[in-house]
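Structure assessment
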Amino acid sequence: LRIMLFGVIFWGAQQLLGRAFYARENTLTPALCGTVVTIVFLPLYYYAAITYGAPGIAGLSVIGVALYAGLIALAWVKKHGSYALHGTLKHGVIAWGLSILALIPTWAALFVMHILIPDTIPGNLAIIIISGSVFSLCYLMASRVGYPALLIPLVPLAKRLPASVARLLLPVSLLREP
């Protein structure tokens, strides 16, 4: 799973691009791109499974979803131009950097939790919940300070919270009415 996490950004990108094609009533292009990647990767998966086992398959899956995201992005640019993708790379790189910053305290918390919390199903569930919360809060705070524009999608949710809580989570500039 740790290896597969490197592909989450590509999985997210292909989800967005696929839906953009679907919104234009074009299901064929994403299907063709996915079929090409699948045909290319099937023999590679077989080799990776025999040679490297599960880590090899996971690594190839990351490469495969990255290739698919790249193909579908190129298809979008060819058919519709690049305007809709403007700023995506910049925001993606910034979000990735902020995620790395949020990982540092999360790893520290995981280290402590593995010492304090027993290796049981409830204990592991607690570790998942706590580490996910630590990462989310650290990412939120890093974004709040480093690049508040990434938090704009959270504004409607924050406005439903008590004002004092919303001000803790998001910069006041984002909470003001336009």
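Moving on to the side chain of T29. Checked against the element boundaries, T29 lands in helix α3 (residues 28-52). Within the local environment of T29, its side chain forms a polar contact with the side chain of N26, the two groups lying 3.0 Å apart. Sequence-distant contacts of T29, defined by excluding residues within four places in its chain, comprise F21, A75 and K79.

With that settled, consider the packing of aromatic side chains. In this structure the tally under the stated criterion is four aromatic pairs. With centroids separated by 6.5 Å and ring planes inclined at 80 degrees, the aromatic side chains of Y47 and Y52 adopt a geometry described as edge-to-face.

With respect to the element layout, S143 can be found in helix α6 (residues 121-146). A relative accessible area of 0% means that S143 is categorised as buried. Leave out the neighbours within four places in its chain, and S143 touches L98, P148, L150 and L151.

Moving on, we come to helix α4 (residues 54-80). Given 3.6 residues per helical turn, the α-helix brings residues three or four places apart onto the same face. The end-to-end C-alpha distance of α4, which contains 27 residues, comes to 38 Å, matching closely the 39 Å that a straight helix rising 1.5 Å per residue would cover. On the buried face of α4, the contacting elements are α1 (2-5), α2 (8-23) and α3. Looking at the residues trailing α4, positive phi occurs at G81, about 85 degrees.

Close contact between α3 and α4 brings their axes to 9 Å; oriented N to C, the two are set at 160 degrees. In terms of orientation, α3 lies roughly antiparallel with respect to α4. When you trace α3 past α4, the crossing you get is right-handed. Considering only residue class, the contact of α3 with α4 consists of 19 nonpolar, five polar and one charged.

It is the contact of helix α5 (residues 88-116) with α6, at a shortest axis distance of 8 Å, that shows an interaxial angle of 145 degrees. For the crossing formed where α5 meets α6, the hand is right-handed. Only I127, I130, S131, V134, F135, C138, Y139, A142 and S143 of α6 make contact with α5, whose side of the interface consists of A95, L98, S99, A102, L103, P105, T106, A109, L110, M113 and H114. Taken together, the residues of the contact of α5 with α6 break down into 15 nonpolar, five polar and no charged.

On to α5. Look at α5: 41 Å from first C-alpha to last across 29 residues, which is about the 42 Å you get at 1.5 Å a residue. Remark: the principal bend of α5, roughly 25 degrees, maps to L103, with a proline, P105, within the next four residues. Taken together, the buried positions of α5 are occupied by A95, L98, A102, T106, A109 and M113.

In this section: a nonpolar patch on the surface. A cluster of nonpolar side chains, I9, F10, W96 and I100, forms an exposed patch at the surface whose accessible area comes to about 380 Å². Secondary-structure elements contributing two or more residues to the nonpolar patch are α2 and α5. Tracing the sequence through the fold places W96 in helix α5. Residue classification places W96 among the exposed residues on the basis of a relative accessible area of 54%.

Definitions and cut-offs
Within each chain, residues carry numbers counting from 1 in the order of the written sequence. Given that this is a predicted model, residues contribute local features only at a pLDDT of at least 70 and side-chain atom pairs are listed and counted only at 80 or more, while totals for whole chains, interfaces and linings are drawn from all residues. Neither water nor hydrogens contribute to the side-chain values; these are computed over all heavy atoms in the structure. Helical segments are the DSSP runs of H or I of at least four residues, strand segments are the runs of E of at least two, and each set is numbered from the N terminus. N or O atoms within 3.5 Å of each other form a polar contact, as long as, within protein, one can give a hydrogen and the other can take it, and as long as residues adjacent in sequence are counted only when both atoms are side-chain atoms. Residue contacts follow a heavy-atom distance rule, with two residues in contact if any of their heavy atoms lie within 4.5 Å. Stacked, tilted and edge-to-face are the three classes assigned to paired rings of Phe, Tyr and Trp, where Trp is represented by its six-membered ring and a pair needs centres within 6.5 Å; plane angles under 30 degrees give stacked, over 60 edge-to-face, the rest tilted. Each residue's exposure class comes from its accessible area (1.4 Å probe, protein chains only) as a fraction of the maximum for that residue type: buried when under 20%, exposed when over 50%, partly exposed otherwise. Each residue after the first adds 1.5 Å to the expected span of a helix. Axis definition: a line fitted to C-alpha atoms, over the contacting stretch in the case of helices. Angles run 0 to 180 degrees between N-to-C directions. Between 65 and 115 degrees an angle is taken as roughly perpendicular, under 35 as roughly parallel, over 145 as roughly antiparallel, and anywhere else as oblique. Left-handed describes a crossing whose near helix is turned anticlockwise from the far helix by less than a right angle; the clockwise case is right-handed. Under this grouping Gly is polar, as are all residues other than the nonpolar Ala, Val, Leu, Ile, Met, Phe, Trp, Tyr, Cys and Pro and the charged Asp, Glu, Lys and Arg. The term bend refers to the angle at a residue between two fitted axes, each drawn through seven residues, those ending there and those starting there. A patch consists of residues exposed above 30% relative accessible area that lack any salt bridge, with like charges linked at up to 9 Å and nonpolar side chains (Val, Leu, Ile, Met, Phe, Trp, Tyr) linked at up to 5 Å. For the area figures, the Shrake-Rupley method with a 1.4 Å probe applies, and any residue is considered shielded solely by the protein chains shown. One side-chain nitrogen of Lys or Arg within 4 Å of one carboxyl oxygen of Asp or Glu is enough to make a salt bridge.

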